[in-house]
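# Structural overview for review
In case you want the letters, here they are:
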Amino acid sequence: MKKFTVLTLFPEMFAGFVTTSIIKKALERKLIAIEIVDIRDYSVGKHHQVDDYQYGGGQGMVLMLEPLVKAIRAHQTSNSLVVLLTPQGQTYQQKMAVNLANDKADLILICGHYEGFDERILHYVDLELSLGDYVLTGGELASMVVIDSIARLATDVINPESHQNDSFSEELLDYPVYTKPVTFEGHEVPAVLLSGHHQNIAQWREFKAFEKTFYKRPDLLKDKKLSELQQKWLAELEQKEN
Ligand SMILES: C[S@@+](CC[C@H](N)C(=O)[O-])C[C@H]1O[C@@H](n2cnc3c(N)ncnc32)[C@H](O)[C@@H]1O
């Protein structure tokens, strides 16, 4: 069972996350474990500090090293991977979620706040992850994104077929999906999906996933090894565009 330990100044932010939907069920079924740790429990000095002003002057409080290192050490095992959530880390992607889900390591996720961490925290972490090129107020949402994306890949959390075709799993976006009604304000569900012909449906989905990626995320196709059929589709789509 994969365990996630989150070090945060705001444990209350996780209340809804651990008590809702698929994550709640995965916890109840003991398919994953999540421990939320308040960094303030590891505060230092008689004023129970966890942050302080930065050396050299400047706006914003900085998370102190000692409480973080104490919190890490209190929860670290030989099986832990210590992850720092930071906009300066490598950009988190589905491939990384798959690797971390397949890896046996438990994750310790460190959430920053305010101006960030004392830079020397880098001596104590294994991996720096960023959600993307924007700045959040804290690492809490980022840690929930990482846990959520890994947890849904864990064995038995959801039906494996549900994530086999997920966007990015084969450098392709997922195919389009539809539900009732068949017609809404003149917008129809593609007839092939109502045909009951499984092979035609599978082929249509394969093409649509490719077509969607071609139009929305052509960058994904650049590094992809294309099958003969996909090369033919690519040539046809490019011709259509010219
Ligand atoms: C206001 S940010 C600090 C940003 C820092 N001054 C910088 O520019 O690199 C506070 C905390 O939010 C989290 N955070 C902000 N943006 C993030 C992102 N894109 N990905 C992951 N964590 C992020 C980090 O834990 C960070 O320490």
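Note on numbering: residues in each chain are counted from 1, in written sequence order. Per-residue local features of the predicted model are confined to residues with pLDDT of at least 70, and side-chain atom pairs are confined, for both listing and counting, to 80 or more; whole-chain, interface and lining totals are unaffected and use all residues. Only hydrogens and water are set aside; all other atoms, that is, all heavy atoms of the structure, feed into the side-chain values.

### Points about the pattern of salt bridges
Heads up, the condition is: The working definition used for a salt bridge is a side-chain nitrogen of Lys or Arg within 4 Å of a carboxyl oxygen of Asp or Glu. Only protein chains enter the calculation, and the probe is 1.4 Å; a residue is then buried if its accessible area is under 20% of its type maximum, exposed if over 50%, and partly exposed in between. Runs of E in the DSSP output that reach at least two residues are strands. Runs of H or I that reach at least four are helices, and both are numbered from the N terminus.
Overall, the coordinates contain seven salt bridges when judged by the stated rule. Between Arg-217 and Asp-219 there is a salt bridge, and its shortest N-O distance comes to 2.9 Å. Judged by its relative accessible area of 30%, Arg-217 falls in the partly exposed class. According to the relative accessible area criterion, Asp-219 is partly exposed, its value standing at 37%. Between Lys-232 and Glu-236 there is a salt bridge whose closest N-O contact spans 3.6 Å. Of the two residues, Lys-232 and Glu-236 both sit in helix H9 (residues 228-241), four residues apart, roughly one turn of that helix.

### What about the pairing of strand E6 (residues 106-111)?
What counts here: The criterion for strand pairing is that DSSP finds at least two bridges linking the strands in question. Orient the strands so they point away from the viewer; a crossover is then right-handed if the path from the first strand over the helix to the second runs clockwise.
The element E6 is largely enclosed, with a buried count of six among its six residues. Side chains Asp-106, Ile-108 and Ile-110 project from E6 onto one buried face, and the interleaved Leu-107, Leu-109 and Cys-111 project onto a second face that is buried too. Here strand E1 (residues 2-8) runs beside E6; their pairing, made up of four bridges, is parallel. From the neighbouring strand, Leu-7 faces E6, where its bridge partner is Ile-110. Once the chain exits strand E5 (residues 80-91) it traverses helix H4 (residues 94-102) before rejoining the sheet at E6, and the crossover so formed is right-handed.

### Side note on the UniProt feature "domain: tRNA methyltransferase TRMD/TRM10-type" (unreviewed entry) in the protein chain
Formally: UniProt positions are given in the numbering used here, feature names are shortened, and annotations may be inferred rather than shown by experiment.
Per the UniProt record, the feature "domain: tRNA methyltransferase TRMD/TRM10-type" (unreviewed entry) sits at residues 3-222. The distance separating the terminal C-alpha atoms of residues 3-222 is 36 Å; by composition the span is 33% helix and 20% strand.

### Focus: helix H7 (residues 198-216)
Using the following cut-off: Multiply 1.5 Å by the residue count of a helix minus one, and that product is the helix's expected span. Here, residues are in contact when the closest pair of their heavy atoms is within 4.5 Å.
Taking 1.5 Å of rise per residue, the 19 residues of H7 would be expected to cover 27 Å, and the 26 Å separating its terminal C-alpha atoms lies within 8% of that figure. Those residues of H7 that sit buried are Ile-201, Trp-204, Ala-209, Phe-210, Glu-211, Thr-213 and Phe-214. Of the surrounding secondary structure, the elements contacted by the buried residues of H7 are helix H8 (218-222) and H9.

### What to know about unusual backbone geometry
The peptide bond linking Lys-180 to Pro-181 adopts the cis configuration, its omega dihedral lying at 0°. Residue placement: Pro-181 occurs in the loop between helix H6 (160-164) and strand E8 (183-184). One non-glycine residue, Lys-30, lies in the positive phi region at around 55°. Tracing the chain through its elements places Lys-30 in the loop between helix H2 (21-28) and strand E2 (32-38). In this structure Lys-30 comes out as exposed when scored by relative accessible area, which is 63%. Its identity as a non-glycine residue notwithstanding, His-48 has a phi of 50°, on the positive side. Residue position: His-48 is located in the loop between E2 and strand E3 (51-53). A relative accessible area of 57% places His-48 in the exposed class.

### Brief notes about the pairing of E1
Of all the seven residues making up E1, six are buried; the element is thus mostly covered by neighbouring parts of the structure. By the bridge criterion, seven bridges tie E1 to E2 in an arrangement that is parallel. By the bridge assignment for E2, Lys-2 is matched with Ile-32.

### Thoughts on the sheet that holds strand E7 (residues 127-130)
The condition is simple: Note on geometry: axes are C-alpha line fits, over the in-contact stretch for helices, and angles between N-to-C directions span 0 to 180 degrees.
Pairing is parallel across the open sheet formed by five strands, whose spatial order is E2-E1-E6-E5-E7. Each of the sheet's edge strands pairs with one partner strand only, and the pair in question is E2 and E7. Averaged over all pairs of adjacent strands, the angle between their axes in this sheet comes to 30°, without regard to strand direction. Both E5 and E6 contribute to a ladder of six bridges, which runs parallel. The partner of Val-82 across the bridge, within E6, is Ile-108. Sheet strands in contact with H4 are E1, E5, E6 and E7, and its direction is about 175° off that of E5.

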